[in-house]
Amino acid sequence: MAKSEIKVVGAWPSPFVMRVRIALNIKSVDYEFLQEKLGSKSQLLLESNPIYKKIPVLLHDQKPICESLIILHYIDETWSSGPSILPSDPYDRAIARFWAAYIDDKWFPSLSGIAKAQGDEGKAALIAQAREGFLLLEEAFVKCSKGKDFFGGDRIGYLDIALGCFLGWLRVSEKMNGVTLLDADETPGLAGWADKFCLDDSVKDVMPETDKLVEFAKILFQFKANAPPPPAN
């Protein structure tokens, strides 16, 4: 059987791209990493994801799969002989999907919005929302982990990847705003989980260093500040 051609179209700072890379590492799948440049979209990206025109894109034998959580499902089903990413129990799988959707739809917008907040009150409100989200996720961790190290049990799984990919940007937000969002006193389970997650073999080589991400964040904010406004309707 011929070896499959696997490529990931993405960028090293992107947490959503990190999800795909971690999943492939868990499955011990070799891949080529094709990095996009800030401020431009390659022809390959535009052809591979013409609807959203966003990273990440997984190319499996030239067939594109888009959207990070969908890609995780695909990787788990395609390389089923490796360690499972999604829970095997249907209820546990549904719960993991629910919390992954919460992270993307509710929690991460609070975290990413802190840097863009207008005024101290707006920033304080988003900081409070991010902390409240961690309290909910602490409860989810206790229930999903069942006393083990990860949401997925003994090893990293779907929900670990969905949340853990944001830990680098969480540290950036804490450092640049002088706040603590993941508090070991308030959320001891998550604090311990975060340390174990970052040390895992599937994660440690793709998790960016905080200082490197901080420098990228400054470049990104400057780039957005200089970008022309969107055209009026």
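Everything numeric in this text was worked out from a predicted model, so none of it was measured.

Draft legend 1. Local environment of the pairing of strand β3 (residues 57-60). Burial along β3 is two-sided: Val57 and Leu59 and Leu58 and His60, pointing in opposite directions, are all buried. The pairing of strand β1 (residues 6-10) with β3 spans four bridges and is antiparallel. The residue bridging Val8 from the neighbouring strand is Leu58, located in β3. Two elements, β3 and strand β4 (residues 63-66), share four bridges in a ladder whose sense is antiparallel. The partner of His60 across the bridge, within β4, is Lys63. Hairpin connection, β3 to β4: the antiparallel pair is bridged by two residues, and Asp61 has positive phi, about 55 degrees.

Draft legend 2. The packing of helix α5 (residues 119-145) against helix α8 (residues 188-199), seen in detail. Between α5 and α8, the shortest axis-to-axis distance is 8 Å and the interhelical angle comes to 80 degrees. When the interaxial angle is binned, α5 and α8 end up roughly perpendicular. For the pair formed by α5 and α8, the contact residues are Phe134, Leu137, Glu138 and Phe141 on the first element and Pro188, Gly189, Leu190 and Trp193 on the second.

Draft legend 3. Summary view of helix α7 (residues 167-177). Every buried residue belonging to α7 is among Leu167, Gly168, Trp169, Leu170, Val172, Ser173 and Glu174, and all of these are buried. Lining the buried residues of α7 we find α1 (15-26), α4 (90-113), α5, α6 (158-164), α8 and α9 (210-226). Of the residues flanking the end of α7, it is Gly178, one or two places downstream, whose phi is positive at about 65 degrees.

Calculation criteria
- Residues numbered from 1 in each chain as written.
- Predicted model: local features only at pLDDT ≥ 70, side-chain atom pairs only at ≥ 80, totals over all residues.
- Heavy atoms only, no water.
- Buried < 20%, exposed > 50% of the residue type's maximum accessible area, 1.4 Å probe, protein only.
- Helix = DSSP H or I, 4+ residues; strand = E, 2+ residues; numbered from the N terminus.
- Pairing = 2+ DSSP bridges.
- Axes fitted to C-alpha atoms, helices over the stretch in contact; angles between N-to-C directions.
- Parallel < 35°, antiparallel > 145°, perpendicular 65-115°, else oblique.
- Contact = heavy atoms within 4.5 Å.

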